[in-house]
Amino acid sequence: MNYEVKFTRKRIKNIIIKVRKYGLVEVSVPYFVNMNRAKEFLELKSTWIKQRMQELLANQETTNQISFLGKNYELEFELGITTSFLLQDNKLIIKATKDSEKAKKILDDFYKLKSREIFSEILKRFCVIVGKDIKALKLRKMTTRWGSCNTRKAYINLNTELVKKDILAIEAVIMHELTHLYHADHSKAFYNKLLGFMPDYYERIKLLKMEKEI
């Protein structure tokens, strides 16, 4: 079984291996650990990695649910000459050809469209609250972060996977990034400012389960 490996240096004490979907293995390596040692450790864990990938693949093949705004929806595929999607009650209906790759692209397009729509609306409201404007909102699928802020250019980058989470958590991430327009770091001053804008920030952020960094 083939898989892609991504090594990242971090301020941690031990080597951490995470198996993601679609054949990606993320390896977090402490700064003091030699990269050859990290590769040897990865090789020792190869059997476990393959087993974990098979579990994820089996789950992916049997599940028929997707997440959107913190809720689960039944996913249905229908044959169609043109491609489209429809969110109806507790179902997301995707009309597509038999090409599964095209169906997956439509699902990705659904998330991108809804991300742009929902995130833009929240940003419009929150920019008024914080008294700052942004010059651009950039969306993309990220594996390790929910969002980031380019304070020099006033750009906000958000993960399209975020749209799967509860709206309260989405708002918390966006407020977090906007606050960076005042403080680029994560200092005490940053969090004091953030909590001034959103007093329940820590309760909201728990809804993310901290799968990624902010």
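Residues numbered from 1 in each chain as written. Predicted model: local features only at pLDDT ≥ 70, side-chain atom pairs only at ≥ 80, totals over all residues. Heavy atoms only, no water.

K.L.:
I would appreciate a short explanation of the packing of helix α4 (residues 167-179) against helix α5 (residues 188-197) in the present structure.
P.N.:
Contact geometry of α4 with α5 gives a least axis separation of 10 Å together with a crossing angle of 130°. Relative to α5, the element α4 is oriented oblique. Here α4 runs over α5; the crossing is right-handed. Taking contact as the criterion, the partners of M175, H176 and T179 in α4 are, on α5, F190, Y191, K193, L194 and F197. Broken down by class, the residue content of the contact of α4 with α5 amounts to five nonpolar, two polar and one charged. (Axes fitted to C-alpha atoms, helices over the stretch in contact; angles between N-to-C directions. Helix = DSSP H or I, 4+ residues; strand = E, 2+ residues; numbered from the N terminus. Parallel < 35°, antiparallel > 145°, perpendicular 65-115°, else oblique. Left-handed = near helix turned anticlockwise from the far one by under 90°. Contact = heavy atoms within 4.5 Å. Nonpolar A, V, L, I, M, F, W, Y, C, P; charged D, E, K, R; others polar.)

K.L.:
What exactly am I supposed to notice about a nonpolar patch on the surface here?
P.N.:
Nonpolar side chains collect at one region of the surface, where I167, L168 and L207 lie side by side and expose about 220 Å² of accessible area between them. Looking at the secondary structure, you find I167 in helix α4. Overall, the relative accessible area of 33% leaves I167 in the partly exposed class. (Patch = residues over 30% accessible without salt bridge, like charges linked within 9 Å, V, L, I, M, F, W, Y side chains within 5 Å. Areas by Shrake-Rupley, 256 points an atom, 1.4 Å probe, with all protein chains shown as cover. Salt bridge = Lys/Arg side-chain N within 4 Å of Asp/Glu carboxyl O. Buried < 20%, exposed > 50% of the residue type's maximum accessible area, 1.4 Å probe, protein only.)

K.L.:
Can you walk me through the pattern of salt bridges in this structure?
P.N.:
Close approach of charged atoms allows side chains with opposite charge to pair. A complete count under the given rule lists nine salt bridges for this structure. E171 is the salt-bridge partner of R204, the closest N and O atoms lying 2.8 Å from each other. With R204 in helix α6 (residues 201-205) and E171 in helix α4, this residue pair connects regions lying 33 residues apart in the sequence. Since its relative accessible area comes to 11%, E171 is described here as buried. Here the residues in one salt-bridge network are E121, R125, E171, D200 and R204, joined through shared partners.

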